[in-house]
Amino acid sequence: MPRAITALLLLAACESTSTPATPCGDMCDELVRTCSYQAYPSFESCLQGCEYEQTNGRDTSGQKDCVLDAACDTFAIVECEHAYE
């Protein structure tokens, strides 16, 4: 029984370190992890850039929706970036 509790605690700890559901987190997850979009060398660099743009007034929620709809189409992703500048 103690092993089961330990396993559950470890799983819970792993869950808490996952990316929070935010527009930037969701968009970067799609761009970096799902699409392997070459513009970002890492998830963290994407997230930093997105959060910077968000603090400067970019509609990251709208851009995220556009990127998710683009389904890894590079040209559509670029259009999303231009549409939400």
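Placed above this text is the structure.
The structure presented is a predicted model; accordingly, all values stated were derived computationally and were not measured. (Residues numbered from 1 in each chain as written. Predicted model: local features only at pLDDT ≥ 70, side-chain atom pairs only at ≥ 80, totals over all residues. Heavy atoms only, no water.)

### Details of the packing of helix α2 (residues 23-34) against helix α3 (residues 43-55)
The test is simple: Whenever a helix is involved, its axis is fitted only over the stretch in contact; in every case the axis is a line through C-alpha atoms, and angles between N-to-C directions fall within 0 to 180 degrees. For the purposes of this entry, the term helix denotes a DSSP run of H or I that reaches at least four residues, the term strand denotes a run of E that reaches at least two, and both are numbered from the N terminus. Each angle gets one of four labels, with under 35 degrees taken as roughly parallel, over 145 as roughly antiparallel, 65 to 115 as roughly perpendicular, and the rest as oblique. With the far helix as reference, a near helix turned anticlockwise by less than a right angle produces a left-handed crossing, and one turned clockwise produces a right-handed crossing. Should any heavy atoms of two residues lie within 4.5 Å, those residues are counted as being in contact. Gly is put with the polar residues, along with every residue not named as nonpolar or charged; the nonpolar set is Ala, Val, Leu, Ile, Met, Phe, Trp, Tyr, Cys and Pro, and the charged set is Asp, Glu, Lys and Arg.
Contact pair α2 / α3: the axes reach a minimum separation of 9 Å and the direction vectors enclose 140°. By the criterion of interaxial angle, the relationship of α2 to α3 is oblique. Like other packed secondary-structure pairs, α2 and α3 cross with a definite hand, here right-handed. For the pair formed by α2 and α3, the contact residues are C24, G25, M27, C28, D29, L31, V32 and R33 on the first element and F43, C46, L47, C50, E51 and Q54 on the second. Residue composition of the contact of α2 with α3, grouped by class: nine nonpolar, two polar and three charged.

### Observations regarding the side chain of T60
Filter applied, for reference: To sort residues, take the accessible area from a 1.4 Å probe on protein chains only and compare it with the maximum for the residue type: under 20% means buried, over 50% means exposed, and anything in between is partly exposed. A 3.5 Å cut-off defines polar contacts: any pair of N or O atoms within that distance qualifies, except that in protein one atom must be a possible hydrogen donor and the other a possible acceptor, and neighbouring residues in sequence count only when both atoms are side-chain atoms.
Positionally, T60 belongs in helix α4 (residues 60-70). T60 sits in the buried class, given a relative accessible area of 3%. In terms of polar contacts, T60 uses its side chain to reach the side chain of Q54, at 3.1 Å.

### Here's the deal with α2
The criterion, for reference: One less than the number of residues in a helix, times 1.5 Å, gives the span that helix is expected to have.
If you check α2, its first and last C-alpha atoms are 15 Å apart, about what 12 residues at 1.5 Å a residue would give, namely 16 Å. Of all the positions in α2, only C24, G25, M27, C28, E30, L31 and V32 are classed as buried. Looking at the buried residues of α2, the elements they touch are α3, α4 and α5 (74-83). Just beyond α2, the residue with positive phi is S36, at close to 50°.

### Quick notes on the state of the cysteines
Worth spelling out the cut-off: What counts as a disulfide here is a pair of cysteine sulfur atoms lying within 2.5 Å.
If you walk through the whole model with that rule in mind, you get four disulfides. In this model C28 forms its disulfide with C46; the gap between the sulfur atoms is 2.1 Å. The chirality of the disulfide connecting C28 with C46 is left-handed, given an S-S dihedral of about -85°. Of the two residues, C28 is situated in helix α2 and C46 in helix α3; the sequence distance between them amounts to 18 residues. Like C28, the residue C46 is buried in the burial classification. Taking only the cysteines that form disulfides and numbering them from first to last, the protein chain has the pattern 1-5, 2-4, 3-7, 6-8.

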